[in-house]
Amino acid sequence: MMIYYKMKDEEDTKETLVKHAIIGISEDNKHDADAVLQFEDQALQIVVKEAGMQIKEVHQWTDGCAAQYKGKKSFADISLRKTTTVYRNFFETSQGKNVCDGLGAIVKNACYQAVISSKKIIANAQDVFDHCEEKLTSVKSVTEGEGKTVSKRQFILVSGIKRDRPETKVDTLKGTRKLHSVRSIGQNYKFQTRKLSCYCLFCLDGNGQCQNAEYCQPWEEQSLRLLQDTGGDPASNMEIDHHQQDSDGIRSEGLNNQQSYVNGTNNIVGNGSHTENVLDSEKHFQPSMFVIVAVKFPTQRGNSVTIYTLDKFSILMAMNFLLNT
């Protein structure tokens, strides 16, 4: 998850652009919508804590994998969002290559080099997390003219993925493969869909006629049919308490919000061919989730400000991760 957002110090009128990479590592190697939701929630909690503001909108760009992002369970999760409006945009097949792949490559290269040099024994997700947190966590600051950019790389250990969620057992939405944009509307099992995505000025502001309406088509409301009674409020398990500063289950040590510069670079050597050879086996971890997100925050003064972020969700599935030295 590579997130871009802006922060402003109370004593400084200038804004700082923050590029925040959050990489999740997990023993769970089942690539599904439940894993996506778990990592997304944990990552957004970190962003809320770092920025000190509530998230009002999340704009995601993903591939069209039905098991992870573009299926009935994913649509149910989106419809059950109440405090945060979620927009999800889908790439065409084989068109989703982006910065997310680079973050996964950094982790795989670092672990591979540590093993072949006999510096580390990496046997599970915890070992991967510990090594990456020690060697790859960083906070760097660069000033160019009047602008300042802070780059962060952070790791979290993802566990306890909940899959017994009756509130997401819904019927399949017809015409799913033709959709390229969906958004929540704050109503259980109802959301809106669009043939194509559009981010013209009118669509960004939410007012006026879309400049590309003839191509994108208007938003249409869709309803999901719940297949069984959830026995309570279906959205009870969906909402995140963004005011809660104690993020249970998240290990994110090594980052200091007040730190503006860290000297040195991570020393990663090797080439892609070695990494590919290592990852041929089913025993090795693989990057699972690649999502780019834009987040809209309100300022502490109550005025709304839109921050476009490239948020990278990259769960490294590490079930039976065995690299022999």
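Values in this document were obtained by computation on a predicted structure and should not be read as measured data.

J.: I tried to follow the pairing of strand β7 (residues 181-187) on my own but got confused; where do I start?
T.: Within a regular beta strand, the side chains point alternately toward one face of the sheet and then the other, so they alternate between its two faces. Here strand β4 (residues 85-90) pairs with β7 via three bridges, running antiparallel. From the neighbouring strand, Y87 faces β7, where its bridge partner is R183. Judged from the five bridges that link them, β7 and strand β8 (residues 190-194) form a sheet pairing that is antiparallel. Paired with S184 across the strands is F191, a residue of β8. Counting the residues that bridge the hairpin from β7 to β8 gives two residues, and of these Y189 lies at a positive phi of roughly 65°.

J.: Would you mind going over the confidence of the model for the chain with me for this structure?
T.: Low-pLDDT portions of the prediction should not be read for the details of their coordinates. For the chain, per-residue confidence averages 75 on the pLDDT scale, and 69% of positions sit at 70 or higher. A low-confidence stretch, residues 240-325 (pLDDT under 50), is modelled with 249 contacts involving residues beyond four sequence positions or located in other chains.

J.: I would appreciate a short explanation of the pattern of salt bridges in the present structure.
T.: Between side chains of opposite charge, pairing is possible as soon as their charged atoms come close. Evaluation of the coordinates by the stated rule reveals 14 salt bridges. Ionic pairing is found between R81 and E40, a salt bridge with its closest N-O pair at 2.9 Å. In this pair, R81 is assigned in the loop between α2 (72-79) and β4 and E40 in helix α1 (residues 33-51), connecting sequence segments 41 residues apart. Like R81, the residue E40 is buried in the burial classification. The closest approach of N and O atoms between K152 and E50, which form a salt bridge, is 2.6 Å. In this pair, K152 is assigned in strand β6 (residues 147-158) and E50 in helix α1, connecting sequence segments 102 residues apart. A residue is classified by how much of its surface remains accessible, and E50, at 12% relative accessible area, is buried. A single salt-bridge network, built from bridges that share partners, covers D34, K73, D77 and R165.

Conventions and cut-offs
- Residues numbered from 1 in each chain as written.
- Predicted model: local features only at pLDDT ≥ 70, side-chain atom pairs only at ≥ 80, totals over all residues.
- Heavy atoms only, no water.
- Pairing = 2+ DSSP bridges.
- Helix = DSSP H or I, 4+ residues; strand = E, 2+ residues; numbered from the N terminus.
- pLDDT = per-residue confidence, 0-100.
- Contact = heavy atoms within 4.5 Å.
- Salt bridge = Lys/Arg side-chain N within 4 Å of Asp/Glu carboxyl O.
- Buried < 20%, exposed > 50% of the residue type's maximum accessible area, 1.4 Å probe, protein only.

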